[in-house]
Amino acid sequence: QVQLVESGGGSVQAGGSLRLSCGASGRTFSNYAVMGWFRQAPGKEREFVARINRSGGSIQYADSVKGRFTISRDNAKNTVYLQMNSLKPEDTAVYYCAASRLWVGVPVPGDFGYWGQGTQVTVSS
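Right, let's walk through the structure included here. (Residues numbered from 1 in each chain as written. Predicted model: local features only at pLDDT ≥ 70, side-chain atom pairs only at ≥ 80, totals over all residues. Heavy atoms only, no water.)

With respect to the overall build of the chain
Here is step 1 of the chain: Helix and strand content of the chain: zero helices and eleven strands.
Here is step 2 of the chain: Counting from the amino terminus, the chain carries its helices and strands in the arrangement β-β-β-β-β-β-β-β-β-β-β.
Here is step 3 of the chain: Expected size for 125 residues packed as a compact globule is a radius of gyration near 14 Å; at 13 Å, the chain falls within 12% of this value.
Here is step 4 of the chain: With respect to the principal axes defined by its C-alpha atoms, the chain has extents near 40 × 25 × 25 Å. (Helix = DSSP H or I, 4+ residues; strand = E, 2+ residues; numbered from the N terminus. Rg over C-alpha atoms; globule rule 2.2 N^0.38 Å.)

Written out as structure tokens, the structure reads:
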């Protein structure tokens, strides 16, 4: 088992920045090959945002956030981060941290076995 706890959400104006953190406890964080961020807006399905492999050498972003968001991880601190810059109102959602043992072709929520409780990000225009 691994427990994930997100923090760093909040309200910001369009163009602003936020940094989300996800702390992991339980089994060794580095055992989980892939850490990811997903988000879910009201009335919409949960969607992939970004993922990173164990070494940080493989990173993938959704097209909608590419060039604005940066995912990183610190295995020594059992933490994964999501730096969000140039935020837009359409980025408003609950953001979830997730862990998976596998890097598969197309990242979907079902591939991730462990989830945090989510943190709200609200971007106003």
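Quick notes on the pairing of strand β1 (residues 2-7)
Here is step 1 of the chain: By the alternation rule, side chains of β1 split into Val2, Leu4 and Glu6, which are all buried, and Gln3, Val5 and Ser7, of which none is buried.
Here is step 2 of the chain: With six bridges connecting them, β1 and strand β3 (residues 18-26) associate as antiparallel partners. Within β3, the residue paired with Glu6 across the bridge is Cys22. (Buried < 20%, exposed > 50% of the residue type's maximum accessible area, 1.4 Å probe, protein only. Pairing = 2+ DSSP bridges.)

Some points on the pairing of strand β5 (residues 47-53)
Here is step 1 of the chain: Within β5, six of the seven residues are buried, which leaves it mostly tucked inside the rest of the structure.
Here is step 2 of the chain: Where strand β4 (residues 34-40) lies against β5, six bridges are found, and the strand directions are antiparallel. Bridge assignment links Val34 to a residue of β5, and that residue is Asn53.
Here is step 3 of the chain: Hairpin geometry of β4 and β5 is characterised by an intervening segment of six residues between the two adjacent antiparallel strands and by a positive phi of about 80° at Gly43.

Brief notes about unusual backbone geometry
Here is step 1 of the chain: Here Asn78, not a glycine, exhibits a phi torsion of approximately 55°, which is positive.
Here is step 2 of the chain: Exposure remark for Asn78: the relative accessible area of 26% places this residue in the partly exposed category.
Here is step 3 of the chain: A positive phi angle, near 50°, is found at Ser86, a position not held by glycine.
Here is step 4 of the chain: Position of Ser86 relative to the elements: it lies in the loop between β8 (79-84) and β9 (93-100).

Brief notes about the sheet that holds β8
Strand pairing in a sheet relies on backbone hydrogen bonds. The paired strands run either parallel or antiparallel.
Here is step 1 of the chain: An order of β1-β3-β8-β7 is seen for the four strands of this open sheet, with the pairing classed as antiparallel. A single partner strand is all that each edge strand has here, and the edge strands are β1 and β7 (69-74). Pairwise comparison of adjacent strand axes, ignoring direction, gives a mean angle of 15° for this sheet.
Here is step 2 of the chain: Summarising the sheet, β3 and β8 pair through six bridges and their orientation is antiparallel. Across the sheet, Gly23 pairs through a bridge with Thr79, a residue of β8. (Axes fitted to C-alpha atoms, helices over the stretch in contact; angles between N-to-C directions.)

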